[in-house]
Every structure is written in structure tokens, then in C-alpha cells.
Number of protein chains: 2
Amino acid sequence: MAMHRGPSPWEVSLWTRREASVSAVSAVLPRCRVSNDLKTAVEGAEIVVLCTSPHAIAGSGRSLAEIIPASTPVTDAGSVKTRIVAALEVSLGGRFIGAHPMAGSEQSGISAARPDLFDGAVCIITPTPQSNPQALDRVRGFWREAGCRLAEMSPAAHDKAVARISHLPHAVAAALVQAAISKNPEFGALAGTGYRDTTRIATGPEAMWGEIFLDNREELLAAIADLQTHIGELKNALSRGEREAVESFLRAAGTLRAREIG
Amino acid sequence: MAMHRGPSPWEVSLWTRREASVSAVSAVLPRCRVSNDLKTAVEGAEIVVLCTSPHAIAGSGRSLAEIIPASTPVTDAGSVKTRIVAALEVSLGGRFIGAHPMAGSEQSGISAARPDLFDGAVCIITPTPQSNPQALDRVRGFWREAGCRLAEMSPAAHDKAVARISHLPHAVAAALVQAAISKNPEFGALAGTGYRDTTRIATGPEAMWGEIFLDNREELLAAIADLQTHIGELKNALSRGEREAVESFLRAAGTLRAREIG
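This text gives an overview of the structure that appears in the document. (Residues numbered from 1 in each chain as written. Chains lettered and ligands numbered in written order. Predicted model: local features only at pLDDT ≥ 70, side-chain atom pairs only at ≥ 80, totals over all residues.)

**Looking at the overall build of chain A**
Counting secondary structure elements, chain A contains 11 helices and seven strands. Expressed as lengths along the three principal axes of its C-alpha atoms, the size of chain A is roughly 65 × 40 × 35 Å. In chain A, which comprises 262 residues, the proportion classed as buried is 46%. (Helix = DSSP H or I, 4+ residues; strand = E, 2+ residues; numbered from the N terminus. Buried ≥ 20, exposed ≤ 12 C-beta atoms within 10 Å, placed from the backbone.)

Shown next as C-alpha cells:
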């Protein structure tokens with residue numbers, strides 16, 4: 001949808017795993033070629049974009065290498081980069097350029113498609129010393145045309161950052177749902193926008209998020225440890241009834257968020 | 001704004017603490033009477049609604065009792081009810097009916113006013129055996145006309161529920177801001193909608209939230225302890241690399257939220 005906007009729309013060809021999905025996808029995206037045969041889907045492609053689950057992306061290099069020309073650039077949309085980039089540089093070489101658009105929602109499937117999903121979102125591109133410069137340029141151009149602003153860093157720096165800014169929030173939202181309403185589900189009926197917003201992402205697909213968490217577990221565990229420290233600080237201040245400490249905890253968070261997020 | 005909609009708009013009179021605010025408030029709400037003198041503000045009122053900070057609400061009973069007729073119903077919008085209801089039943093008697101509309105945002109001040117703020121939000125009314133039935137009816141009618149759906153429970157039951165559904169999410173959002181970006185503020189530039197939504201409420205006014213947290217600290221501490229337990233569960237599953245346990249943690253949260261919140 002995003003690539004069909006603008007004065008020179010792309011020709012988009014989609015691969016979908018299940019044959020049953022082909023007609024559903026075609027109904028939503030009538031201008032796209034849709035197939036559940038990988039060879040048909042990628043035939044003649046000038047760039048290939050891998051948007052399956054993280055483990056499927058990491059495992060897709062060899063079959064892809066057999067059917068696309070050796071010069072075709074390949075990118076992806078996976079949420080953890082070290083493992084994917086290492087695997088695909090082995091099977092595809094320097095024309096694989098890892099990417100992670102920081103866009104999406106708790107929804108999944110073709111019915112969640114939106115043309116403006118990427119508008120203004122940051123896409124983190126993770127080139128390595130092995131990256132082919134022409135492929136890197138093509139991949140940058142692709143994500144920019146989808147609507148993204150670009151950031152670039154190594155796969156390891158990416159995984160450290162998203163552990164904090166994406167994976168930790170998901171983990172916390174899930175824990176918050178349980179701590180808030182698992183003992184008393186009827187409290188859910190009282191929820192205002194605060195609870196809704198803080199927990200929205202917790203309904204995301206658990207199999208995909210399980211892969212993400214395990215692929216990035218060292219960084220995520222470090223982030224969780226920091227969260228525990230901060231929660232512990234607040235708990236101590238509250239236990240001791242220290243109003244100034246409670247306010248200063250809240251003020252530090254509010255100031256930091258206002259300054260860095262806006 | 002909410003009370004001025006509909007076929008029979010209310011006459012609304014506002015009290016504001018600072019003289020300097022009178023003209024600013026009048027500019028936003030030209031149909032309201034605005035004064036920084038309490039006696040002028042409440043003169044002739046058929047119902048009085050206390051919307052200041054929790055401690056100011058709890059402390060306002062005696063001066064109010066001196067200037068309004070003994071039968072005028074009084075309600076409030078404070079976030080913790082046990083302390084407020086106890087204090088105001090002493091000074092105002094059974095015509096004080098505690099209430100807590102589960103609406104609002106991280107913004108405060110007159111510039112954040114919106115006519116539809118209460119639409120569809122739950123307002124929790126907290127009557128006690130001491131409550132005057134006529135006052136209770138008037139207060140129910142007021143919040144319903146503001147746009148709220150009503151729920152009723154004791155002040156203690158309210159404080160237990162909102163510790164989970166409102167105060168814990170606020171505490172968690174603040175801790176998450178710090179754990180995610182205090183060491184590396186530059187990660188903030190990568191934030192997508194997930195991080196924005198999970199942390200939005202963390203910029204709320206810290207002095208008010210400090211009062212709320214301390215007034216409800218026993219219940220909030222219990223909620224924080226449960227959060228720590230759930231976070232600990234996830235941490236253990238991740239440390240051990242147990243994919244099924246990680247997925248089942250995420251699935252439990254997603255299922256619970258989808259069922260109870262929608």
C-alpha cells in the first residue's frame with residue numbers, strides 16, 4: 001500500500017505461505033501480484049523484502065539464493081538484527097542489508113495493512129563492513145520511499161537499543177496486564193485510556209514476540225534488570241512514605257520523556 | 001464544556017485558586033462564571049464538584065460547610081477515595097458523595113479541557129452507609145450527564161481497584177521511561193508508537209501523582225509486588241531460554257487483555 005502511493009508507484013509482488021491466503025491478500029491489495037510459490041513471487045524482482053517471523057527470515061537465505069540473481073539486494077523487517085544479519089550474510093553475502101522499521105501495532109495479518117503505517121517512523125538500517133554499497137543504497141531508498149526516516153547502526157547496537165525502546169515495553173505491558181487484572185478480571189471494566197494505552201501492545205502475536213525475546217535475550221534481561229531497579233526505588237520511597245522521593249522519581253521520568261520523546 | 005452540551009445546558013460556576021487564572025479560564029469557557037473567591041463561586045449552587053488535587057479536596061470541607069446551605073450535595077473527582085470520603089463525611093456529612101471519573105490524560109490545566117473527556121468513561125461512585133439518598137441521586141445524575149457510565153463500590157474497594165488499573169500503570173510507565181532511556185537518552189529518537197503509548201501517562205503532573213501514590217500506598221505496594229512477581233517469571237523463563245514458558249507468559253497477558261479490555 002505504501003509503495004503504491006506517489007507519482008511513480010512500484011510494482012509489488014507478494015509471497016504468502018498458505019495457498020488459502022492468496023485470494024484474501026489479493027482482495028485487499030488488488031494491484032499486487034500474489035503467490036504462495038516463492039519462485040513466482042520473486043521473479044524479476046529488483047529488491048526482495050523479507051517480512052516473515054524472525055526465525056523464518058533467518059532461515060530463508062539458502063532457498064532464496066538459489067532462485068534470485070546474485071546481484072539482487074535483499075532487506076528485511078525483523079525486530080532483532082544480530083542473528084538475522086549473521087545468517088543472511090552467510091547465505092546471501094553483502095547484498096543482504098538488515099533493516100527494522102519501528103512501526104506496527106498489536107495487530108497482524110493482511111487486514112491490519114495501512115498505507116501510512118511507515119510514515120514518519122524510524123527505520124533502523126544495520127549495515128556491516130561486508131555490506132555491498134549499491135545494495136545499501138537501494139535498501140535505503142526503498143525504506144525512505146515507504147515513508148520512513150532512516151537511522152543506521154551496527155546489528156549489535158540495534159539490538160541493544162530496541163531491547164530498551166521496543167522489547168522491554170512489550171514485556172512490561174504483558175506483566176502489567178497480569179498484575180492489574182489477573183486476580184480480579186472485573187477491574188478491567190473500569191479501565192480508562194491510561195490502562196488501555198500502557199497495555200495495548202500486550203495483545204501482539206505471542207509466537208513472534210517469543211522469538212524476538214529469545215533472540216535478544218541478553219539485552220532484554222539487562223533491560224529488565226534496570227526496570228526492576230527503578231521499580232524497587234519507587235517501592236522503597238513509598239514504603240517509607242517519602243513524598244519528596246516519590247515526586248522526584250515521577251519528575252525524573254516525566255522530564256526525561258518530555259525531553260526525548262515530546 | 002461537557003455540561004454545556006445537550007438541550008438543557010447547565011449554569012456552571014468555576015472557582016480557580018489564582019486571580020491570574022480567572023481571565024484565562026474565562027477565555028476558554030466564556031459561558032461559565034469564573035471567580036477566585038470561593039463564596040462567590042459556590043453561591044446558589046445546586047451541586048458542588050471538587051476537582052482540585054487530592055489533599056486540597058480532603059481539606060476543603062470545613063470552609064465549604066461554612067458557606068453553602070446544609071442540604072447542597074457535594075461530589076469530587078479525586079483518584080483515591082478512602083481518605084477523602086472519611087474527611088468530607090466529617091465536615092460535610094452524608095451529602096458528600098465521593099466520585100472518580102476514570103478519564104483524563106497526561107495533560108493538565110484549562111488548555112487541556114475537552115467537551116468529550118468523560119464520554120463513555122466509567123465514573124466510580126463511592127457511597128457509604130452514611131450517604132444521603134437524595135444527594136446520591138443528584139451526584140449520579142451529574143456524572144451521567146457529564147457523559148460517564150456509572151459504577152458503584154465502597155471507598156476501600158475503589159482504592160483497591162484503581163491501585164491496579166490506574167496507579168500501577170502510572171508507576172510502571174515512569175519506571176519504563178527510566179529503564180529504557182535514562183542511560184542512553186538517544187534511544188528516544190527511535191521510539192515507535194509502542195513506546196510512546198506505554199509511557200505517555202508518565203508526563204502527568206508529579207505533585208498530584210505523588211499525593212495519589214501516598215494516599216493509596218498500601219494497595220499500590222501490593223500491586224507493585226505482584227508486578228515484580230510477574231516480571232520475575234518472565235525473567236526466569238528468558239534466563240533459562242524456555243521458549244514455551246515465554247510464549248505462555250505472553251499468551252496469558254494477551255488473552256486476558258483481549259477478553260477484559262477488548
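This is not the end of the story, as more comes after the structure.
**Focus on the packing of helix H11 (residues 243–260) of chain A against helix H7 (residues 155–181) of chain B**
Two elements in contact, H11(A) and H7(B), have axes whose closest approach is 8 Å; the angle formed by their N-to-C orientations is 60°. Classed by the angle they form, the pair H11(A) and H7(B) counts as oblique. Here H11(A) runs over H7(B); the crossing is left-handed. Two secondary-structure elements touch here, H11(A) through Phe249(A), Leu250(A), Ala252(A), Ala253(A), Leu256(A), Arg257(A) and Glu260(A) and H7(B) through Ala174(B), Val177(B), Gln178(B) and Ile181(B). Its residues assigned to classes, the contact of H11(A) with H7(B) comprises eight nonpolar, one polar and two charged. (Axes fitted to C-alpha atoms, helices over the stretch in contact; angles between N-to-C directions. Parallel < 35°, antiparallel > 145°, perpendicular 65-115°, else oblique. Left-handed = near helix turned anticlockwise from the far one by under 90°. Contact = placed C-beta atoms within 7 Å. Nonpolar A, V, L, I, M, F, W, Y, C, P; charged D, E, K, R; others polar.)

**A word on helix H5 (residues 82–92) of chain B**
All buried positions along H5(B) are accounted for by Thr82(B), Arg83(B), Ile84(B), Val85(B), Leu88(B) and Leu92(B). One or two positions beyond H5(B), positive phi appears at Gly93(B), with a value near 75°.

**Some remarks on the sheet that holds strand E4 (residues 74–76) of chain B**
All names here are of chain B. Reading across from one edge, E3-E4-E5-E6-E7 is the order of the five strands in this open sheet, with mixed pairing throughout. Looking at strand neighbours, the two that pair on one side only are strand E3 (48–50) and strand E7 (149–152), the edges of this open sheet. Neighbouring strand axes in the sheet, compared pairwise and without regard to direction, differ in orientation by 30° on average. In this structure, E3 lies alongside E4, joined through three bridges in parallel fashion. Note that in E4 the partner of Leu50 across the bridge is Asp76. In the packing of H5 onto the sheet, the strands contacted are E4, strand E5 (96–101) and strand E6 (122–126), and the crossing angle to E5 comes to about 150°. (Pairing = 2+ DSSP bridges.)

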